[in-house]
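Each chain is listed here by its residues.
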Amino acid sequence: MENVRYQVSDASLIINLSGRVDSGNAQDVEEAIKETLNANPSDAITLDLDDLEYISSAGLRVILRLAKGAGSFKIINASAPVYEIFDMTGFTEMFEITKAFRRISVEGCEVIGRGANGTVYRIDPDTIVKVYLSPDSLDDIRRERELARTAFVKGIPTAIPYDVVRVDDGYGSVYELLNARTLGQMLSSGEITVDEAAKLSIDLLKIIHKTEVDPNSMPSERDIVLDWVDYLKGHLEDGLWQKLHDLVAAVPEDNHLIHGDYHLKNIMVQNGETLLIDMDTLCHGNPIFELASIYNAYVGFSQCDPSVVLKFQGFDEETAHELWHKSLVLYLETTDEERIRSVEEKAAIVGQTRLLRRTLRRDSDPAMVAATKARLEELVPKTDTLLF
């Protein structure tokens, strides 16, 4: 029967009802459910009503009989009208029932930024939505919301997602950001200078890096970088790999906050206030790891193709390099070029490690593989510590 479909997930049987279930077809629906259960016995049943438009009292009785024979039973993706019926009839007090997510379209919407996990769109003057690349991203969304709340409570100016929506076959987090623009957009349009963009960015970054967090509330960036290094075993000469591993392992754990993907596209300005977005990469650790992510955003990703930074950030390679240098000047609070170069090289070691691992995992672009290996071969042997 076309109203009834099913799928088996782990030890649970998921039954999908669609269209209408009323006195005209309730008996046939129940028979189809019985056939499904006979063919796929399960003690755990989930009723997915994402495509159900209406259910009558006859349909409710079918659900009652279905639930009575199940060890565990829940209803998911009930539309607002269907949920209201459940609520009025007391079903919400008897069963675990969750509403369906609101559906939106991002077709024709302005793209604010793209990252490893998703794309951020402006859907109206007041609202942006981050659409996750993975269609199975609800756990990631919940995790990012918790991380954003953690940062907000700690005093980090950040936008908090207030809704989860469906976008095509995936999910998105919705943020209210009235007329907010990214620093990247403002720099690209000429509203602010490189000096102003660097200052706004680094002022916020220093607030982030002064913030202590519970290390159990988010990942350790050192552990993440060590995973990158482990992946490269066999891709680098043994002595070089061991030295790289030892450099990263020697960085002490640090309970201060790190954003993990810090660049101008992830900083928005609303009514003169800078706000941090895209919080799924929040972690704790030494600031060298943060500087490495900034290095990649402005230098590393585009080292073999200067057009990459223009496509990604919205400004050209020369501007990106200037922004990187001025960011280091402000962060380190020095104009000593030797010190700036030393810290840049330490950041480059971590950044090139990530780039090499990323390239090998994705497309093994020969030019990028060669460039990252050459840079690591240049920098790692002459570096004694990643600390600064």
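Sorry if this is basic, but what is going on with the overall build of the protein here?
Secondary structure summary: the protein contains 14 helices and 16 strands in total. For the C-alpha atoms alone, the extent of the protein along its principal axes is close to 80 × 50 × 40 Å. For the protein, the residues scored as buried account for 52% of the 388 residues in total. Taking all contacts inside the protein whose residues are at least 6 apart in sequence as the whole, residues at least 24 apart take part in 67%. Surface exposure of the protein reaches about 18,400 Å², of which carbon and sulfur atoms provide 47%. Taking the average location of the 40 positive side-chain charges in the protein and that of its 65 negative ones, the two points are 1 Å from each other.

I keep staring at the layout of surface pockets and nothing clicks. Help me out?
Over the atoms rolls a probe the size of a water molecule, and its path tells where empty space is left. The calculated volume of the second largest pocket comes to roughly 900 Å³. Within the residue set of the lining of the second largest pocket, elements represented by two or more residues are β1 (4-9), β2 (12-21), β3 (44-55), β4 (72-78), β5 (96-99), α5 (138-153) and β10 (163-167). Broken down by element, the lining of the second largest pocket gets its largest block of residues, five residues, from α5.

Help me understand the nonpolar core in this model?
Taken as a class, soluble globular proteins show a tendency for nonpolar side chains to be buried jointly. One finds Leu-264, Tyr-298 and Leu-323 to be the most contacted residues of the largest nonpolar core, which totals 69 residues. When near neighbours in sequence (up to four residues on either side) are disregarded, Tyr-298 contacts His-263, Leu-264, Val-309, Gln-313, Phe-315, Ala-320, His-321, Leu-323 and Trp-324. Grouped together as the second largest cluster of nonpolar side chains are 30 residues, Ile-15, Ile-55, Ile-75 and Ile-85 included.

Can you walk me through empty space enclosed by the protein in this structure?
The tally for this structure, following the rule as stated, stands at one cavity of 30 Å³ or more. Space inside the largest cavity adds up to approximately 60 Å³. Along the walls of the largest cavity sit Gly-113, Arg-114, Gly-115, Gly-118, Thr-119, Val-120, Asp-261, His-263, Lys-265, Asn-266 and Asp-278, which together make up its complete lining. Counting only elements with at least two residues in the lining of the largest cavity, the list comes to β7 (110-114) and β8 (118-124). No other element matches β8, which puts three residues into the lining of the largest cavity. Its residues placed into classes, the lining of the largest cavity shows one nonpolar, six polar and four charged.

Reading the values: the criteria
Residues numbered from 1 in each chain as written. Predicted model: local features only at pLDDT ≥ 70, side-chain atom pairs only at ≥ 80, totals over all residues. Heavy atoms only, no water. Helix = DSSP H or I, 4+ residues; strand = E, 2+ residues; numbered from the N terminus. Buried < 20%, exposed > 50% of the residue type's maximum accessible area, 1.4 Å probe, protein only. Contact = heavy atoms within 4.5 Å. Areas by Shrake-Rupley, 256 points an atom, 1.4 Å probe, with all protein chains shown as cover. Lys, Arg positive; Asp, Glu negative; His and termini not counted. Charge placed at Lys NZ, Arg CZ, Asp CG, Glu CD. 1 Å grid on protein atoms, 1.4 Å probe; cavity = no way out; pocket = protein on both sides within 12 Å on 5 of 7 lines; lining within 4 Å. Points joined across faces, edges and corners; volume = space filled by probe spheres on them. Core = buried A, V, L, I, M, F, W, Y, C linked by side-chain atoms within 4.5 Å. Nonpolar A, V, L, I, M, F, W, Y, C, P; charged D, E, K, R; others polar.

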